[in-house]
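Chains, contacts and geometry: an overview
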Amino acid sequence: MSYDQFNYTVQLNITGRHCIVVGGGNVALRKTKSLLAAGASVTVIAPDILPALEALQRTFPALSLCRRKFRAGDTDDAFLVIAATDNRSVNETVAEEAVQNRILLNVTDDPGAGTFSVAGTYDNGNLHFSATTGGNPRLTHLLLEDLRQQYGNDMSAFSEFLDGQRAKVKDLLPDTSARRDFWRKTLTLQLLQEVKAGRLQQAKENIINAVDRIGAES
């Protein structure tokens, strides 16, 4: 297994995109859940499919289940393909077709055969953290747990609060460089430390006061 070639980090917009997961076990379940959560339209292809995957259909109408073996041409209209069976030969067949069709490909048992890998993630509101450790799942888990403890609900609430304040500042300061200077002076590492220390309301008030000063000077 090789992760060294995956050195360009991106975030994909897969809302409404057709994605295929080949495999019906626990790995396929995890991959399918993450794709559906990102808004994708997912087709799972496998002769044997976990009941948990069947249950997902009640929540996600965009999920289709094909209880059969992978067939040539199954990836033709896909945006993204994940080969997640426990059969190396099947995964290789899926990979060959996806590569030929120039489709984004993840092979769970042989990352080097694909074109992308999936980082471990921690999501809280509009905070999204990713961590990769060269294929060490335990270390990835610990790093994400550390992020979860450091940047919990208060930081998520602060991030959402800032979205509203940024809209106000944009109205008050139409000039891009002026807005950039304002946020450089106002949103500081020290302010983030206040949030992490549990002083969320104080951090919010600092931002509100700074925005109010712009309004008073306008």
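Now for a quick tour of the structure. Every chain is numbered on its own, with residues counted from 1 as its sequence reads. At least 70 in pLDDT is required for a residue's local features to be given in this predicted model, at least 80 for side-chain atom pairs to be given and counted, and no such filter applies to totals for whole chains, interfaces and linings, which use all residues. Note that water and hydrogens are dropped before the side-chain values are worked out from all heavy atoms of the structure.

**What to know about the side chain of Thr140**
Where helices and strands are cited, they refer to DSSP runs of H or I of at least four residues and of E of at least two residues respectively, numbered from the N terminus. Position of Thr140 among the secondary structure elements: in helix α4 (residues 137–150). Note on exposure labels: buried denotes an accessible area under 20% of the residue type's maximum, exposed denotes more than 50%, and partly exposed covers the range between, all computed with a 1.4 Å probe on protein chains only. Taking the relative accessible area as the measure of exposure, Thr140 reaches 12% and is therefore buried. Polar contact criterion, stated in full: a pair of N or O atoms within 3.5 Å, where within protein one must be able to donate a hydrogen and the other to accept it, and residues adjacent in sequence count only if both atoms are side-chain atoms. A polar atom in the side chain of Thr140 sits 2.7 Å from the side chain of Thr133. Working rule for contacts: check all heavy atoms of both residues, and any pair within 4.5 Å makes them a contact. If we skip the residues at most four places from it in the chain, Thr140 touches Gly120, Ala131 and Thr133.

**Description of the sheet that holds strand β3 (residues 63–66)**
Think of a sheet as strands paired side by side through backbone hydrogen bonds, with each pair either parallel or antiparallel. Taken together, the five strands give an open sheet; going across it, the order is β3-β2-β1-β4-β5, and neighbouring strands pair in parallel fashion. Every interior strand has two partners, whereas the edge strands, β3 and β5 (104–107), have only one. Shown here is a sheet whose adjacent strand axes are inclined to one another by a mean of 15 degrees, direction ignored. Note on pairing: DSSP must find at least two bridges between two strands before they are called paired. With four bridges connecting them, strand β1 (residues 18–22) and strand β4 (residues 80–83) associate as parallel partners. Paired with Ile20 across the two strands is Val81, which belongs to β4. Sitting on the sheet, helix α3 (residues 88–100) is in contact with β1, β4 and β5, with an inclination near 165 degrees to β5. Between the N-to-C directions of two axes lies an angle of 0 to 180 degrees, each axis being a line fitted to C-alpha atoms and, for a helix, fitted only over the stretch in contact.

**A word on α3**
To estimate how far a helix should reach, multiply one less than its number of residues by 1.5 Å. With 13 residues, α3 extends 18 Å between its outermost C-alpha atoms, agreeing within 8% with the 18 Å of an ideal straight helix rising 1.5 Å per residue. By the burial criterion, the buried members of α3 are Asn91, Val94, Ala95, Glu97 and Ala98. Buried residues along α3 cover an arc of 165 degrees about the axis, so they all sit on one side. In α3, the exposed positions that point more than 90 degrees away from the buried face belong to Glu96 and Gln100. Contacts from the buried residues of α3 go to β1, β4 and β5. Here the arc refers to the set of directions running from the helix axis out to each C-beta atom.

So yeah, pure geometry; function would need other evidence.
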